[in-house]
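Analysis of the macromolecular model
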Amino acid sequence: QVSLVESGGGLVQAGGSLRLSCVASGLNRYGIAWFRQAPGKEREFVSGISSNGATHYADAAKGRFTISRDNAKTTVYLQMNSLKYEDTADYYCAADLSRATFVDTRRDQYHLWGQGTQVTVSS
């Protein structure tokens with residue numbers, strides 16, 4: 001059965017780091033993206049990695065976040081450095097079931113989502 005399970009969220013001080021994990025069962029042939037949603041905000045794209053390893057980052061994540069995938073393509077990671085208060089949100093991973101070679105930033109293109117993991121950055 002396919003599933004997405006996030007972990008690694010928590011409380012961190014501004015300037016600190018966290019590494020989120022997304023265990024993507026049965027989804028090794030698909031692109032995976034991270035989205036986040038802060039209270040009262042729309043769910044927004046953070047970063048993604050395509051089925052062939054292409055990566056893409058939202059402007060807010062560039063230079064601070066790094067997305068990667070293990071050799072078996074079982075787990076996708078989001079390394080978050082230099083965290084800011086504005087990064088506080090629930091973080092979700094999602095699968096692009098089209099298996100496109102490019103990362104799609106449109107949230108409506110993702111139809112399989114994890115349960116989310118909460119990231120809180122203290123200022």
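So, here's what we can say about the structure. Worth saying up front: this structure is predicted, and the values here are computed from it rather than measured. (Residues numbered from 1 in each chain as written. Predicted model: local features only at pLDDT ≥ 70, side-chain atom pairs only at ≥ 80, totals over all residues. Heavy atoms only, no water.)

By the secondary structure assignment, L20 is in strand β3 (residues 18-25). Judged by relative accessible area, which is 0%, L20 ranks as buried. Each C-alpha atom of the pair L20 and Y77 lies 5.5 Å from the other, and the pair is 57 residues apart in sequence. Filtering out sequence-adjacent residues up to four positions away, L20 remains in contact with S7, G8, G9, W34, V76, Y77, L78, M80, Y91, T117 and V119. (Helix = DSSP H or I, 4+ residues; strand = E, 2+ residues; numbered from the N terminus. Buried < 20%, exposed > 50% of the residue type's maximum accessible area, 1.4 Å probe, protein only. Contact = heavy atoms within 4.5 Å.)

Moving on to the state of the cysteines. Covalently bonding the sulfur atom of one cysteine to the sulfur atom of another cysteine gives a disulfide. For the structure shown, the criterion picks out one disulfide. Disulfide pairing is shown between C22 and C93; the S-S distance is 2.1 Å. A torsion of 75° about the S-S bond marks the disulfide between C22 and C93 as right-handed. Taken together, the residues span a long stretch of sequence, with C22 in strand β3 and C93 in strand β9 (residues 89-96) at a distance of 71 residues. Given the relative accessible area of 0%, C22 is considered buried. (Disulfide = S-S within 2.5 Å.)

So, about the nonpolar core. By size, the foremost hydrophobic cluster in this structure holds 25 residues, and its most contacted members are L4, I32, W34, F65, L78, M80 and Y91. Those elements that place two or more of their residues in this core are β3, β4 (31-37), β5 (44-49), β7 (65-69), β8 (75-80), β9 and β11 (117-122). Contacts of M80, omitting those with residues within four sequence positions, involve G16, S17, L18, L20, R64, F65, Y91 and V119. (Core = buried A, V, L, I, M, F, W, Y, C linked by side-chain atoms within 4.5 Å.)

We now examine the packing of aromatic side chains. By the definition in use, this model includes five aromatic pairs. Through a chain of ring-to-ring contacts, three or more aromatic side chains come together here, namely F35, F45, Y92, Y110 and W113. Lying across the ring of Y92, R43 places its NZ or CZ 3.8 Å from the centre. (Phe/Tyr/Trp six-rings, centres within 6.5 Å; stacked < 30°, edge-to-face > 60°. Lys NZ or Arg CZ within 6 Å of the ring centre and 35° of its normal.)

Across the sheet, which stays open at both edges, the four strands sit in the order β1-β3-β8-β7 with antiparallel pairing between neighbours. At either end of the open sheet lies a strand with only one pairing partner, and these are β1 (3-7) and β7. Strand after strand, the sheet turns through a mean of 15° between neighbouring axes, direction not considered. As judged from the five bridges shared by β7 and β8, these two strands associate in the antiparallel manner. When the sheet's bridge partners are listed, F65 is paired in β8 with M80. (Pairing = 2+ DSSP bridges. Axes fitted to C-alpha atoms, helices over the stretch in contact; angles between N-to-C directions.)

Here we take up the side chain of R64. Looking at the element boundaries, R64 is found in the loop between β6 (55-57) and β7. The contacts of R64, once residues within four sequence positions are left out, are Q79, M80, N81, S82, L83, K84 and D87.

Within a regular strand, side chains alternate between the sheet's two faces. Residues of β7 alternate between two faces, with F65, I67 and R69 buried on one and T66 and S68 left unburied on the opposite face. Between β7 and the antiparallel strand that follows it, β8, lie five residues; K73 among them carries a positive phi value of about 60°.

As a further point, take the environment of S17. Mapped onto the elements, S17 comes out in the loop between β2 (10-13) and β3. When residues no more than four places from it in sequence are discounted, the contact partners of S17 are V12, Q79, M80, N81, S82 and L83. A polar contact is formed between the side chain of S17 and the side chain of N81, at a distance of 2.8 Å. (Polar contact = N/O pair within 3.5 Å; in protein donor to acceptor, adjacent residues only side chain to side chain.)

From the geometry alone we can't say anything about function, so treat these as descriptive.
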